[in-house]
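Fold and contact review
The lines below spell out each chain.
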Amino acid sequence: MNTQDMQSFFADEETIDRDVSVIFTYFIETLTSVKEAAASLCQETSTAQWKRPNVDEDFRPRHAAKVISLEPIDEGAASVFSSTAVFGSRFSRARVRIAHPIENFGARLPNLLTVAMGEGAFFSHGITSIKLIDIEFPDSFLAAFQGPQFGTAGLRRIIDVFDRPLFFGVVKPNVGLDPAGFAELAREAWVGGLDVAKDDEMLADTAYSPFAQRMQLVGQARQEAEQITGRPKIFIANITDEVDRIIELHDIAVENGVNAVMLNVMAVGLSAVRMLRKRSQVPIIAHFDCIAPMSRHPYFGVSTTVLTKLQRLAGCDAIIMPGFGERMMTSEEEVLANVQECVAPMGSIASVLPVPGGSDWAGTLPQVYERLRTIDFALVPGRGVFGHPQGPRAGAESLVQSWEATVARIDLAEYAEQAPQLRAAIEAFSAAGGQDDTTDGEALIHGYTGAVLSSVMRH
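All of the points below concern the structure found in this document. (Residues numbered from 1 in each chain as written. Predicted model: local features only at pLDDT ≥ 70, side-chain atom pairs only at ≥ 80, totals over all residues. Heavy atoms only, no water.)

**Some points on the side chain of Thr47**
- Turning to its location among the elements, Thr47 is positioned in the loop between helix 2 (34-44) and helix 3 (60-63).
- Look at Thr47 and you get buried, because its relative accessible area is 5%. (Helix = DSSP H or I, 4+ residues; strand = E, 2+ residues; numbered from the N terminus. Buried < 20%, exposed > 50% of the residue type's maximum accessible area, 1.4 Å probe, protein only.)

**Observations regarding the nonpolar core**
- Core analysis: the largest hydrophobic core is formed by 111 residues, its most contacted members being Tyr26, Ile28, Phe137 and Leu194.
- Setting aside residues up to four positions removed in sequence, Ile28 forms contacts with Val34, Ala37, Ala38, Leu41, Ser92, Arg93, Ala94, Val96, Ile127, Ser129 and Ile130.
- In this structure, Ile159, Leu166, Phe168 and Val170 belong to the second largest nonpolar core, which totals 18 residues. (Core = buried A, V, L, I, M, F, W, Y, C linked by side-chain atoms within 4.5 Å. Contact = heavy atoms within 4.5 Å.)

**What about the pairing of strand 1 (residues 21-30)?**
- For strand 1, the buried fraction is high: 10 of the 10 residues fall into the buried class.
- Burial along strand 1 is two-sided: the face carrying Ser21, Ile23, Thr25, Phe27 and Glu29 and the face carrying Val22, Phe24, Tyr26, Ile28 and Thr30 are both buried.
- Two strands pair when backbone bridges link them, and strand 1 and strand 3 (residues 91-101) are joined in this way by 10 bridges, in the antiparallel orientation. Each bridged residue has a counterpart across the sheet, and for Ile23 the counterpart in strand 3 is Ala99.
- Here strand 1 pairs with strand 4 (residues 127-136) via 8 bridges, running antiparallel. Within the sheet, the bridge partner assigned to Tyr26 lies in strand 4 and is Leu132. (Pairing = 2+ DSSP bridges.)

**Some remarks on the packing of aromatic side chains**
- For the structure on display, the rule yields 11 aromatic pairs.
- Between Trp190 and Phe235 the ring centres are 6.2 Å apart and the planes differ by 80°, which places this aromatic pair in the edge-to-face class. Linking Trp190 in helix 8 (residues 179-192) with Phe235 in strand 7 (residues 234-238), this pair joins segments that are 45 residues apart in sequence.
- Chaining the aromatic ring pairs together yields one cluster made of Phe81, Phe122 and Phe300.
- Lying across the ring of Trp50, Arg60 places its NZ or CZ 3.9 Å from the centre.
- Above the face of the Phe182 ring, Arg214 is positioned so that its terminal group lies 5.9 Å from the ring centre. (Phe/Tyr/Trp six-rings, centres within 6.5 Å; stacked < 30°, edge-to-face > 60°. Lys NZ or Arg CZ within 6 Å of the ring centre and 35° of its normal.)

**Focus on the pattern of salt bridges**
- If you walk through the whole model with that rule in mind, you get 28 salt bridges.
- Arg164 is paired through a salt bridge with Asp195; the nearest N and O atoms lie 2.8 Å apart. Of the two residues, Arg164 is situated in the loop between helix 7 (151-159) and strand 5 (166-170) and Asp195 in the loop between helix 8 and strand 6 (196-198); the sequence distance between them amounts to 31 residues. Assigned by exposure class, Arg164 and Asp195 land together as buried.
- In this structure, the salt-bridge partner of Glu332 is Arg371, at a minimum N-O distance of 3.3 Å. Of the two residues, Glu332 sits in helix 15 (residues 332-343) while Arg371 sits in helix 16 (residues 365-372), which places them 39 residues apart along the sequence.
- Several salt bridges converge on common partners, so that one network encompasses Glu184, Arg187, Glu188, Glu224 and Arg393. (Salt bridge = Lys/Arg side-chain N within 4 Å of Asp/Glu carboxyl O.)

**A short note on the sheet that holds strand 10 (residues 301-302)**
- The 5 strands lie next to each other as 2-3-1-4-10, forming an open sheet whose pairing is mixed. Looking at the sheet topology across the chains shown, the edges are occupied by strand 2 (66-76) and strand 10.
- One ladder, built from 8 bridges, connects strand 2 with strand 3; its direction is antiparallel. Among the inter-strand pairings, Leu70 is bridged to a residue of strand 3, identified as Val96.
- Its contacts with the sheet place helix 4 (residues 109-117) against strand 1, strand 3, strand 4 and strand 10, and it is angled at close to 30° to strand 1.
- Packed on one face of the sheet, helix 14 (residues 304-314) meets strand 4 and strand 10 and runs near 40° to strand 4. (Axes fitted to C-alpha atoms, helices over the stretch in contact; angles between N-to-C directions.)

**With respect to the pairing of strand 4**
- Burial runs high along strand 4: 7 of the 10 residues are buried.
- By the bridge criterion, 2 bridges tie strand 4 to strand 10 in an arrangement that is parallel. Bridged to Leu132 within strand 10 is Val302.

The structure is reproduced here in structure tokens:
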């Protein structure tokens, strides 16, 4: 690309009409100059060919993506992605912000993603590593989306809880239970104080647990638990399936008294969520399956914060995400950034409930609360409730007792002297380091990933 053509893909940020542009932020690495690599990225994701042969025209002024900032980070002899070295060459790295005209793709998530993380971006000439770090949307773009129907406020209204975190629970064993056994476990946990019971993300419409039968029995169990406790409860049905079955499964769940549904969003696609949002009568919960392969490498793929933002935009009311604890291999800074994306200003799009999870139990609740410094989150134990040695009712009671101790600012061990369910949880889960089975090698990976990602984000 000659100098004149290269310059056509650059612009001063002040000259960009933000009302008609979406801004993508990338980390890039290249063996060429970062300026040439950034220009190539713009070309490949917009006007790869900007005129027809022998026609006096140029589509770049209106349709070309433009680099509006370019911040060099560092350089090195080896690639941060593959750790390969090229003799006599050095890899240059930068953080680049690119403005894309919205009219190139419209308010359509599949088309947006094709530009942001498709062939043009990830096979752009000269780029050896690339990660999409952020997307900035103008209000004009956001106005085309419904966003969450319920969000944090709506979920709180459904279960009538306003003064503490919400207590979710994943029914375990997660696969293998018949519908009757499954429903009984959910009922017991609700009676013990759980607000929300849910299908595991791997539980589907199976021969051993037909979806319609499971919904019928768990819907009845929810009503029984509400009568016993005098408190409203929620069940979240996993309706992840082939896209042409999602609405059918939603309808079966709702007809049986189930009052929330869950999708493994990246498995079915963001557009599937948006389709469901137009029909759904109940809250939609997102689960983070299939996100790690795109996000775990610190210098390649897509950041989790981008994916959180997109799930919120598509219409999810709560987002289950990797939480604290080394098993999830996610730095504390990244967890907090994802929680913040759930509540950050986003035009008319409502905030959503963050549900950071992974091996939680009564003993981790105070730590999560201390780190988040808000009650607007949900704890989502699995074995921490359903693996309690005294059963799921006691497991749920241990969560309630943990919160009572937290509010009273009493050490859990001290409070457990008068709370047998909490004491049993501490004895069962603390002895083995809680539910966290992280190896030393995993801890090292976690630390490395967090450190380098933080370095990229700070620039």
